2 protein chains.
Amino acid sequence: MTQRTLSVALVQQRCGDDLKANLEASQQAVREAAAGGARLVVLQELHRSRYFCQTEDPAVFDLAEPVPGPSTESLGRLAAELDVVIVASLFERRAPGLYHNTAAVLDSDGSLAGRYRKMHIPDDPGYYEKFYFTPGDLGFEPIETRVGRLGILVCWDQWYPEAARLMAMAGAELLIYPTAIGWDERDTEEEKDRQRQAWTMIQRAHAIANGLPVLSCNRTGFEPNPNRAEPGIQFWGSSFIAGPQGELLAQASTDDETVLIADIDLGRTEEVRRLWPYFRDRRIDAYSDLTRRFRD
Amino acid sequence: MTQRTLSVALVQQRCGDDLKANLEASQQAVREAAAGGARLVVLQELHRSRYFCQTEDPAVFDLAEPVPGPSTESLGRLAAELDVVIVASLFERRAPGLYHNTAAVLDSDGSLAGRYRKMHIPDDPGYYEKFYFTPGDLGFEPIETRVGRLGILVCWDQWYPEAARLMAMAGAELLIYPTAIGWDERDTEEEKDRQRQAWTMIQRAHAIANGLPVLSCNRTGFEPNPNRAEPGIQFWGSSFIAGPQGELLAQASTDDETVLIADIDLGRTEEVRRLWPYFRDRRIDAYSDLTRRFRD
């Protein structure tokens, strides 16, 4: 089988209140990634701002922007200049009162290759996303780019094997998860460790189940809760790049801002799928209950 | 939430050519597990014999037995004597020319609580199961016992998130995988490590995705290939018990015969599912393609 090496980079960063500074830091990191040889650069979830879902505040919708819009234009110019594909994660304003958590892909000619609207929306203490984001209506469709067909999913999607499977079945060549997840300092160290390990493990398992590389890009740093009723979130970083057997190729630390670069071999997928031919044996005759809520 | 502790045991054993000796070793291990406090004892896949699927040989069908039959009678008596639930894994003869890879559950009163017929059947060099086993036709149904509703799946099923999800949706309280998987000595140490890690990881991920404990019971020891054309299989043991966040509670070594015992708290599932409410947010409106073979 033919080797097909792709150099990929994840930008794990801290975000502050200054939107312009956040974007400039992302852009600087993309330049660094390109200088390091990366052809595909993934930014973390909602990298333009602090993770604003710690509270429910109608004024926050002012942060939303159209797609295409200012961020995709700016990042598109950068993609073309550097000849890289950029996966951005934006707060999309689709219509007044209708907003999405959207990944936008800038192809290496600067054009908008496509978008994915986060399908699974969480809502937990400190992650009040159901207030802000309408669940995606574009389904699980890979985005065609000059470096391959990208299966982009966002954060909470990462806990759903169904999402990874559907992307793989639709022809994705790699799975990509922009993410914002962290710790509540009131949890014990043991609980924190279980959570971070579970997060890594389930995404590596999507690589295994589907024979695809997985790129997961998380934010880092502490962000206080604007309400001060809650302690805020310590984002746990740990962004990683895994191969199609789930093997770790590179992983960032929990605390450092990082441009994490690794080479992946897209040709390895067929090799692995010949050894572990899960797609051959799926019992599609017995899976119809997967579209039910529960069996009771 | 109420704690509901269940002591469980996995019997990781070597098998030889002597069927009677294999069964006696299993029974001895069940006694040891019960003496150690276990109320649920899981035997490895096809524990009555060597893993016979290394070759395709019509004479091997002589090993098959009816269910209920001699093995379930013998293990049922033991279950009643010791007041434990036993998960057995048998080569079921259903009709002349129709055989299954079947898990049979003996309840603690000695009765046959139910059976699960392996749904996903592998076929890879050294694992010629499609020759021997008709794919299961009982679907993904938990088996009700005095210690809980057991979601039993077998070996190759463990690579399918669909199977784990369907068992969880049908009300399983724990997932149980009798297994026979090992290394080909011709593989590099790195490849062997990737395989064993992937095997552990994907099953722990089923625990995470579904908020359920996972018990995986693998055989150990080297079994030569009767044809001598292939080098045989070094079964990698590593049987483990994981909690509903995927955390390892106990794991056996690769090489030792072990009765692995741990306490699991069945009450923890609801606690975990309140923190990580994946079932709430499944996009069942967008999952219908899961019953397709592929999207092309």
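Shown above is the structure to which this text applies.
Residues numbered from 1 in each chain as written. Chains lettered and ligands numbered in written order. Predicted model: local features only at pLDDT ≥ 70, side-chain atom pairs only at ≥ 80, totals over all residues. Heavy atoms only, no water.

Could you give me a rundown of helix α1 (residues 19-35) of chain B, with the residues and numbers involved?
Residues and elements named next belong to chain B. Taking 1.5 Å per residue as the helical rise, α1 with its 17 residues ought to reach 24 Å, and the 24 Å between its terminal C-alpha atoms agrees with that figure. Residues N22, L23, S26, Q27, A29, V30 and A33 constitute the buried set of α1. The buried side chains of α1 occupy one side of the element, clustering within an arc of 160 degrees when seen end-on. The exposed residues of α1 that point more than 90 degrees off its buried face are K20 and A35. Structurally, α1 contributes buried residues whose contacts are with β1 (5-12), β2 (40-43), α2 (70-82), β3 (85-95) and β15 (258-265). Its side-chain oxygen 3.0 Å from the backbone nitrogen of K20, D18 forms the N-cap of α1. Where α1 terminates, the next one or two residues include G37, which has phi positive at roughly 105 degrees. (Helix = DSSP H or I, 4+ residues; strand = E, 2+ residues; numbered from the N terminus. Expected span 1.5 Å × (residues − 1). Buried < 20%, exposed > 50% of the residue type's maximum accessible area, 1.4 Å probe, protein only. Arc of directions from axis to C-beta. Contact = heavy atoms within 4.5 Å. Polar contact = N/O pair within 3.5 Å; in protein donor to acceptor, adjacent residues only side chain to side chain.)

Outline helix α2 (residues 70-82) of chain A, listing residues and values.
For α2(A), spanning 13 residues, the distance from its first C-alpha to its last is 19 Å, which sits close to the expected 18 Å at 1.5 Å a residue. Downstream of α2(A) by one or two residues, A:D83 has phi in the positive range, about 60 degrees.

Account for unusual backbone geometry, naming residues and giving values.
All names here are of chain A. Between V67 and P68 the backbone carries a cis peptide bond, its omega angle lying at 0 degrees. Topologically, P68 is positioned in the loop between β2 (40-43) and α2. Notably, L46 is not glycine yet its phi reads approximately 55 degrees, a positive angle. Tracing the sequence through the fold places L46 in the loop between β2 and α2. Note on L46: relative accessible area 2%, which makes it buried.

Note that all results are geometric; they support no functional claim without further evidence.
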